[in-house]
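One letter stands for each residue in the lines below.
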Amino acid sequence: MARSGLAAAARVARWADNALGPGRDAATDGKATLSDTTAERAASDLGLSLSQVRADWDTARLAGLVEVHGDSARPGWRLRAWDRDDSAVLRGWVALFDAWSLALPEPRDQESAAVAEVVSAMPQVLSFLQLSAGPVPVDQLLDLLCQRVTELRTERCEVSYGPEAVTARPKVPRPAAVAGQAEPAQDAELAPLLDWALRALASVGALTCGDGHATLTPLGNWAVWVKLEQICVAAQSPAGHIEQSAEDMLRGCAQLRPNAARAEYRAWLAARPVGSAVTELLNAARGEDALLRGLAFEALRVVGAPAEHDVRAVVDEPALRPYALLWLAEHDGVDPEDAHEVLTREEATWLWVDTAAAVADHGEAPMLVRHLESALQPTVPALLAEVRAVGHPRTVQVLVALAAAHPDPALAKAVRRAAFQVHTGGS
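**Observations concerning the side chain of Thr-217**
(1) Moving on: If you trace the backbone, Thr-217 turns up in the loop between β5 (213-216) and α11 (218-235).
(2) Moving on: Ignoring sequence-local partners within four residues, the contact set of Thr-217 consists of Gly-205, Ala-206, Leu-207 and Thr-208.

**Describing the pattern of salt bridges**
(1) Moving on: Counting across every chain of the model gives 17 salt bridges.
(2) Moving on: The closest approach of N and O atoms between Glu-151 and Arg-148, which form a salt bridge, is 3.0 Å. One end of the pair, Glu-151, and the other, Arg-148, are both in helix α9 (residues 138-155), 3 residues apart, so they sit about a helical turn from each other. Arg-148 shares its class with Glu-151; the two are buried.
(3) Moving on: Among the ionic pairs, Asp-332 bridges to Arg-312, the shortest N-O distance being 3.8 Å. One end of the pair, Asp-332, is in the loop between α17 (321-331) and α18 (345-362); the other, Arg-312, is in helix α16 (residues 308-313), and 20 residues separate them in sequence.
(4) Moving on: Look at Arg-312 and you get partly exposed, because its relative accessible area is 32%.

**Focus on the nonpolar core**
(1) Moving on: Counting residues in each nonpolar core, the largest one holds 61 residues, and the members touching the most others are Leu-65, Trp-93, Met-122 and Leu-145.
(2) Moving on: In this structure, Leu-145 is in contact with Val-118, Ala-121, Met-122, Val-125, Leu-190 and Leu-194, ignoring residues within four places of it in sequence.
(3) Moving on: Formed by 39 residues, the second largest nonpolar core is a distinct cluster that contains Met-249, Tyr-265, Leu-300 and Ala-348.

**With respect to the sheet that holds strand β4 (residues 207-210)**
(1) Moving on: The strand order β3-β5-β4 describes an open sheet built from 3 strands, whose pairing is antiparallel. The open sheet is flanked by β3 (136-137) and β4, the only strands paired with a single partner.
(2) Moving on: The sheet contact formed by β3 and β5 spans 2 bridges and is antiparallel. By the bridge assignment, Pro-137 is partnered in β5 with His-213.
(3) Moving on: Where helix α8 (residues 112-132) meets the sheet, it contacts β3, β4 and β5, and its direction lies at approximately 80° from that of β5.

**Some thoughts on helix α12 (residues 246-253)**
Given 3.6 residues per helical turn, the α-helix brings residues three or four places apart onto the same face.
(1) Moving on: Turning to α12, its buried residues number three or more, namely Ala-246, Met-249, Leu-250 and Cys-253. For α12, the angular spread of buried residues about the axis comes to 100°, placing them on one side.
(2) Moving on: Packing partners of the buried residues in α12 comprise α13 (258-270), α14 (274-285) and α15 (290-303).

**Examining the packing of aromatic side chains**
(1) Moving on: Throughout the structure, instances matching the rule amount to 3 aromatic pairs.
(2) Moving on: Taking 5.6 Å as the distance between ring centres and 20° as the angle between the ring planes, the aromatic pair formed by Trp-93 and Phe-97 counts as stacked. Of this pair, Trp-93 and Phe-97 both sit in helix α6 (residues 86-98), 4 residues apart, which is roughly one turn of that helix. A single burial state applies to Trp-93 and to Phe-97, both of which are buried.
(3) Moving on: When the centroid spacing of 5.6 Å and the interplanar angle of 25° are considered together, the rings of Phe-297 and Tyr-323 count as stacked. On the criterion of sequence distance, the pair formed by Phe-297 in helix α15 and Tyr-323 in helix α17 is long-range, its members being 26 residues apart.

How each quantity is defined
Residues numbered from 1 in each chain as written. Predicted model: local features only at pLDDT ≥ 70, side-chain atom pairs only at ≥ 80, totals over all residues. Heavy atoms only, no water. Helix = DSSP H or I, 4+ residues; strand = E, 2+ residues; numbered from the N terminus. Contact = heavy atoms within 4.5 Å. Salt bridge = Lys/Arg side-chain N within 4 Å of Asp/Glu carboxyl O. Buried < 20%, exposed > 50% of the residue type's maximum accessible area, 1.4 Å probe, protein only. Core = buried A, V, L, I, M, F, W, Y, C linked by side-chain atoms within 4.5 Å. Pairing = 2+ DSSP bridges. Axes fitted to C-alpha atoms, helices over the stretch in contact; angles between N-to-C directions. Arc of directions from axis to C-beta. Phe/Tyr/Trp six-rings, centres within 6.5 Å; stacked < 30°, edge-to-face > 60°.

Right, dumping it as structure tokens:
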């Protein structure tokens, strides 16, 4: 269903990829809108109306099938994985579902604050639809929406004054006689916004409306279930790190197995806005602890596409560059086993030293010795020469730790000599 629902968007995205080619502009106004020339060309090539092309383009953008950077557009990773990865298709549809409030223009005659309240209240309405497992009268949804908006205003201690204002009131049980009935003022205020929200959700395929009832589609039912499961995951963090800072959470995950650590990352991320979570993870990666640097990018792999912009922004930071390049390569569909090929020899050597620093600080001596075997250089002298050249701030400590751990006296001596030369600036 997700594949068929996004088929038209995928067609326009593929057309843009093939017809425009690398470096060609598909948007010119800075708002990701197709230029008139591009839209007319797409309409002609695809046999569609201009309005349909623009609608399909907007859907492709919201679903991550195309990514717009300034005035240029390029295919998103979901489009590249479209034919081989059903999960990429589902993720694209969930991204569209999450962006339902952008699918249709909001009513022009409504206050932006009221629109924001309805957007904040709709998850509860959708949960009710999911639990009802069938058609629900729109009047009943309006009553629920009014109650939820009232709760939001009460939580903010927002009390309006004036004869036309809707006064916030404490949450109290509603008398059975008026259950299903909302205050007339709230009806008048929120009914148009509920209608807009339901139409927007219907436009992305999350529900259907008819005969005064709304019903979740199978896809919509699944998406709401996934969101509820994420909330449960956040509430039942296995290791109890969801309220900690990114740095403390990563330290807590250092001793966990990969699957358990990913569960913690998901729980921690589910409890935060994605933008602030990514910022916090990158700040943790900038610290002196190399282990946290690696773990932060593992957590960013769990974030996925929403982290791309921020990861690209740190590519020029020397300490983060190798990690960011690997993340972006994997994000672009490169096999993780081949991703290291995007690094230059110097970048790979810098990453080797940084990883060795993490092992030296948190691992055991045998692990550091085994790490020596993962170096790109064919001989220890070649490795030492390139390690000294990259200028990693932890080079001396890494070499000293490696010399202390290695069982071969001759090799340990050579490593100690290299450490001394780095320390003294000699050759």
